[in-house]
Amino acid sequence: MESQSEVESSHNSSETTNVAVHSWDDLTEGQQCCINWAGDQDWDLIKGYAKEHGPEVLFGVYTVLVDEDEWSVVSVLTAASQYGNAEMVKLTLEAGFDNKEAMFWAAGISIFNSDNSTILRLLLEHGLDPNMDLRFEGLWEKCSKNLLMVAAEKGHIDQAIALLDHGANMNKTMAVNGNVYSPLTVTASCGAHDIFRLFLTRGAIPTTDDVFDVFGYCLKACKGEHPNPSLSRDVAIKMVATLLHLGKPDSDVVRDIYNYAEPSRRDPTIFNITKHYLQGRPFCCYVCEALTAKERDKLLMCPCRNVAYCSRSCQVKHWREHKVHCRGPLNERGESEAMVKKRSKTGKGAAAGGADVGVAEGADGTGKNGKKGKKGKNSRGKKK
Ligand SMILES: [Zn+2]
Ligand SMILES: [Zn+2]
């Protein structure tokens, strides 16, 4: 758009319209008016004024370092974000507003306030760096969280997804006063299991510190000693299962935690899961991470014994991927149980679908599930 490029070029030619100032008096009169109106949510007044006097009146940014613990940015953009006015945020950005501090602050407010990512996405689309670190920008030495950590802390998953979609780094740690925080540990500590799982699904790699911290928080939570009540014992157990299942941490690190936790700290469920992990045995449904099968105590085991499921439907969901790896238990002819069964029925060698029957057999012995399995196989066979 023409008006936008005009604003950009005026900005590049060292106009100070969009540079943050540290004194209220350094703002133009028009900028002061607009900031005051934004505080009163007089958005129509601002729009009319900007139309009349040009977009620069929207560009005032006033930063205040209240003390070393408090840093604040005042602007039309941040106020619009504070009041959840996405339309005003859009209008301001499209007018050419591009002050990085204010954009970071507006994003932080929006992430903190709600799990609606509309405003955050607008900011990201207008050049906000999802990995911006105020310390490296020389803006606020005491900053201890990046935007992803704010989303993690608040349990706002849509905001986290928006950041990841724009390239936020899930493995970026922040060291503060001798403590190292990562998005994974912040999420675990706040009990936001869905975001913890999201990070691991999107490829976060748990460090040794992460593994120690997550186990530490979760074991404390099981004893009711974790400060954040969102990390209940139930959530803590899910957290550990997800960490082991998707994060696949080094078994030596896990063994160390397992061996050295004091007996009084050992939660029976967490230690059962951990033991299975160290023995290379499945401990949760491969698809949904449930620890027990629906309507049964134990998970349904694939004949290969490498994966388990909570239900036939989870097994079916995973079969397309698993059939490539699934060998089932092999006899002396190198055939799985499923292959033998198929051969004895059809007189032919087993096809890829063979092990599928095998999985249904995994549920055998319980009557109902076994029958269901066979029924499923037959009906699918007909469709083919
Ligand atoms: Zn499942
Ligand atoms: Zn298998």
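Predicted, not measured: the structure shown is a model, and the values here were computed from it.

A. Region of interest: the overall build of the protein. The helix and strand tally for the protein stands at 19 helices and 6 strands. A total of 384 residues make up the protein; the buried ones form 46% of that total. Counting contacts in the protein only where the partners sit at least 6 residues apart, residues at least 24 apart contribute 63% of the total. Carbon together with sulfur atoms contributes 49% to the accessible area of the protein, which is approximately 19800 Å² in total.

B. The coordination of the zinc ion (ligand 2), seen in detail. Protein coordination at the zinc ion (ligand 2): the donors are Cys302 (SG), Cys304 (SG), His322 (NE2) and Cys326 (SG), at 2.1 to 2.3 Å from the metal. Relative to the metal, the 4 donor atoms surrounding the zinc ion (ligand 2) lie at angles of 103 to 116°, and the coordination shape comes out tetrahedral. Counting along the primary sequence, the residues that act as donors to the zinc ion (ligand 2) give the motif C-x1-C-x17-H-x3-C. Within this pair, whereas Cys304 is found in the loop between strand E5 (300–301) and strand E6 (308–309), its partner His322 is found in helix H16 (residues 312–322), the two being separated by 18 residues in sequence. A relative accessible area of 5% places His322 in the buried class.

C. Just the nonpolar core, in detail. Ranked by internal contacts, the top residues of the largest apolar core, which has 96 residues, are Leu58, Leu123, Leu128, Leu163, Phe199, Phe215 and Ile270. The residues that make up this core include at least three from each of domain 1 (1–130) and domain 2 (170–281). The residues contacting Leu123, other than those within four sequence positions of it, are Leu77, Leu93, Met103, Ala106, Ala107 and Leu128. If you look at the next biggest cluster of nonpolar residues, it comprises 11 residues, including Cys285, Cys314, Trp319 and Cys326.

D. Main features of the coordination of the zinc ion (ligand 1). Every protein donor of the zinc ion (ligand 1) is listed here as Cys285 (SG), Cys288 (SG), Cys310 (SG) and Cys314 (SG), and their distances to the metal cover 2.3 Å. One can describe the donor arrangement at the zinc ion (ligand 1) as tetrahedral, given that its 4 donor atoms subtend angles of 104 to 117° at the metal.

E. Spatial organisation of the pattern of salt bridges. In this structure the tally under the stated criterion is 9 salt bridges. For the salt bridge of Lys145 with Glu153, the shortest nitrogen-to-oxygen distance reads 3.3 Å. Taking relative accessible area as the criterion, Lys145 reaches 32% and is therefore assigned partly exposed. With a relative accessible area of 30%, Glu153 lands in the partly exposed category. With its nearest N and O atoms 3.1 Å apart, the salt bridge here joins Glu289 to Arg197.

F. Spotlight on helix H2 (residues 29–39). Residues of H2 that are buried include every one of Gly30, Gln31, Gln32, Cys34, Ile35 and Ala38, and no others. Among the structural elements, helix H3 (43–53), strand E2 (70–75) and helix H4 (76–82) are those in contact with the buried residues of H2. A positive phi of about 60° marks Gln41, the residue just after H2.

G. Quick look at the packing of aromatic side chains. Applying the stated criterion across every chain yields a total of 6 aromatic pairs. An angle of 75° between the planes, with centres 6.2 Å apart, marks the rings of Tyr277 and Phe283 as edge-to-face. Geometry around Phe112 places Lys154 over its ring, the cationic atom sitting 4.2 Å from the centre. Here the basic side chain of Arg266 rests over the ring of Tyr258, its NZ or CZ set 5.4 Å away from the ring centre.

H. Local environment of empty space enclosed by the protein. Within the structure shown, the criterion is met by 1 cavity of 30 Å³ or more. What the largest cavity holds in volume is close to 30 Å³. Considering the residues around the largest cavity, the lining is formed by Met170, Asn171, Thr173, Ser182, Leu184, Ile205, Thr207 and Asp210. Per-class residue counts for the lining of the largest cavity are 3 nonpolar, 4 polar and 1 charged.

I. Layout of a positive patch on the surface. A cluster of basic residues, Lys275, Arg281, Lys298 and Arg305, forms a positive patch at the surface. Here Lys298 lies in the loop between helix H15 (268–278) and E5. Classification of Lys298 as exposed rests on a relative accessible area of 64%.

J. Just the layout of surface pockets, in detail. The calculated volume of the largest pocket comes to roughly 510 Å³. Along the wall of the largest pocket there are 21 residues; nearest its centre are Trp105, Phe112, Trp140, Lys145 and Val150. At 6 residues, helix H6 (residues 100–113) tops the list of elements feeding residues into the lining of the largest pocket.

K. The arrangement of helix H5 (residues 86–94) in detail. Within H5, the full set of buried residues consists of Met88, Val89, Thr92 and Leu93. Each buried residue of H5 sits inside an arc of 130° when the element is viewed along its axis, so together they form one side. With its phi angle positive at about 115°, Gly96 sits one or two positions after the end of H5.

L. Structural detail: the environment of Asp69. Mapped onto the elements of the fold, Asp69 is located in the loop between strand E1 (61–67) and E2. Note on Asp69: relative accessible area 51%, which makes it exposed. Between the alpha carbons of Asp69 and Lys142 there is a distance of 6.4 Å; along the sequence they are 73 residues apart. If we skip the residues at most four places from it in the chain, Asp69 touches Trp140 and Lys142.

Reading the values: rules and limits
- Residues numbered from 1 in each chain as written.
- Chains lettered and ligands numbered in written order.
- Predicted model: local features only at pLDDT ≥ 70, side-chain atom pairs only at ≥ 80, totals over all residues.
- Heavy atoms only, no water.
- Helix = DSSP H or I, 4+ residues; strand = E, 2+ residues; numbered from the N terminus.
- Buried < 20%, exposed > 50% of the residue type's maximum accessible area, 1.4 Å probe, protein only.
- Contact = heavy atoms within 4.5 Å.
- Areas by Shrake-Rupley, 256 points an atom, 1.4 Å probe, with all protein chains shown as cover.
- Donors = N, O, S within 2.8 Å, 3.2 Å for Na, K, Ca; no water.
- Tetrahedral: all angles 85-135°; square planar, octahedral: opposite > 155°, others 65-115°.
- Core = buried A, V, L, I, M, F, W, Y, C linked by side-chain atoms within 4.5 Å.
- Domains from an automatic or database assignment.
- Salt bridge = Lys/Arg side-chain N within 4 Å of Asp/Glu carboxyl O.
- Phe/Tyr/Trp six-rings, centres within 6.5 Å; stacked < 30°, edge-to-face > 60°.
- Lys NZ or Arg CZ within 6 Å of the ring centre and 35° of its normal.
- 1 Å grid on protein atoms, 1.4 Å probe; cavity = no way out; pocket = protein on both sides within 12 Å on 5 of 7 lines; lining within 4 Å.
- Points joined across faces, edges and corners; volume = space filled by probe spheres on them.
- Nonpolar A, V, L, I, M, F, W, Y, C, P; charged D, E, K, R; others polar.
- Patch = residues over 30% accessible without salt bridge, like charges linked within 9 Å, V, L, I, M, F, W, Y side chains within 5 Å.
- Lys, Arg positive; Asp, Glu negative; His and termini not counted.
- Charge placed at Lys NZ, Arg CZ, Asp CG, Glu CD.
- Arc of directions from axis to C-beta.

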